[in-house]
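# Residue-level structure breakdown
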Amino acid sequence: MRGRFITLEGIEGSGKSTQMEFVATYLAQQGVAVVRTREPGGTELSEKIRDLLLTDELAGMHQDTELLMMFAARVEHVNKVILPALSAGRWVLSDRFYDATYAYQGYGRNIAIDRIDQLRVYCLGDLTPDKTLLLDVSLTVSQSRVAQRGNKDRFEQEQQDFYARVREGYLELARNNAQRITRIDAEQSIEHVQQAITVELAELFSQ
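Computed from a prediction, not measured in an experiment: that's the story for all the values here. (Residues numbered from 1 in each chain as written. Predicted model: local features only at pLDDT ≥ 70, side-chain atom pairs only at ≥ 80, totals over all residues. Heavy atoms only, no water.)

So, on to helix H1 (residues 16–29). Taking 1.5 Å of rise per residue, the 14 residues of H1 would be expected to cover 20 Å, and the 20 Å separating its terminal C-alpha atoms lies within 8% of that figure. Taken residue by residue, H1 has Lys16, Gln19, Met20, Phe22, Val23, Ala24, Tyr26 and Leu27 as its buried positions. Contacts from the buried residues of H1 go to strand S1 (5–9), strand S2 (34–38), strand S3 (91–95), strand S4 (131–136) and helix H8 (190–206). After H1 finishes, the residue glycine 31 shows a positive phi value of roughly 85°. (Helix = DSSP H or I, 4+ residues; strand = E, 2+ residues; numbered from the N terminus. Expected span 1.5 Å × (residues − 1). Buried < 20%, exposed > 50% of the residue type's maximum accessible area, 1.4 Å probe, protein only. Contact = heavy atoms within 4.5 Å.)

Along the chain, the position of valine 166 falls in helix H7 (residues 160–176). Setting aside chain neighbours within four positions, we find valine 166 in contact with Ile11, Ala103, Tyr104 and Gly108.

A few words on the pairing of S4. Counted residue by residue, S4 has 6 buried out of 6 residues, so it is predominantly covered. Across the two faces of S4 the burial is the same, with Lys131, Leu133 and Leu135 and Thr132, Leu134 and Asp136 all buried. Two elements, S1 and S4, share 4 bridges in a ladder whose sense is parallel. For leucine 8, the partnering residue across the bridge sits in S4 and is leucine 133. (Pairing = 2+ DSSP bridges.)

So, about the layout of surface pockets. Approximately 710 Å³ is the volume found for the largest pocket. Lining the largest pocket are 36 residues, with Glu12, Lys16, Asp95, Arg96 and Arg149 positioned closest to its centre. Of all the secondary-structure elements, those providing two or more residues to the lining of the largest pocket are H1, S2, helix H2 (44–54), helix H3 (63–87), helix H4 (98–108) and H8. Here the residues of the lining of the largest pocket sort into 13 nonpolar, 11 polar and 12 charged. Size it by volume and the second largest pocket reaches roughly 170 Å³. Lining the second largest pocket, in full, are Tyr98, Asp99, Tyr102, Tyr107, Ile113, Asp117, Arg120, Glu172, Leu173, Asn176, Asn177 and Arg180. Elements that contribute at least two residues to the lining of the second largest pocket include exactly H4, helix H5 (113–124) and H7. (1 Å grid on protein atoms, 1.4 Å probe; cavity = no way out; pocket = protein on both sides within 12 Å on 5 of 7 lines; lining within 4 Å. Points joined across faces, edges and corners; volume = space filled by probe spheres on them. Nonpolar A, V, L, I, M, F, W, Y, C, P; charged D, E, K, R; others polar.)

Shown next as structure tokens:
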């Protein structure tokens, strides 16, 4: 039986790392074999591409280069990690997937959505997450949490108007894909966020 594919999305400071740990633990407690991964990344080559994408030494990277590198890393990730795991009946839990490309490169960088659509279909076929949890926080909360970090990567150094577009992109994706993407108010306490996540995961088990 094919495994399930769960993704976590959200702007910087939304708490994805904390909730990734919670989801992985919850699934393991249900007896599910879980593969945890992330984007960009997940394979040796994809992690090298991630380093290039995040380094602040390449601040002048062209937006199309950024987009194509995201998908190059994703092709490796999908074919060497995600699809084999799903075929083996494992559940895959990924920190970001293609929704992030629509939000960051589409809405954030103003790249035409139909161009991203074409790349997604070419690179991924019909592969779509079974459930996407969108951890949503305001820009004020996001900036406050990011400010507490040490060295910031290329994306974390973007201006607030960039993240305003990214967040709105995520919210629009959630509105347009309501059956798959669930928005969760990540400004609540960690316990309340985890309760909301548990409800969504329990529903996934019932399907």
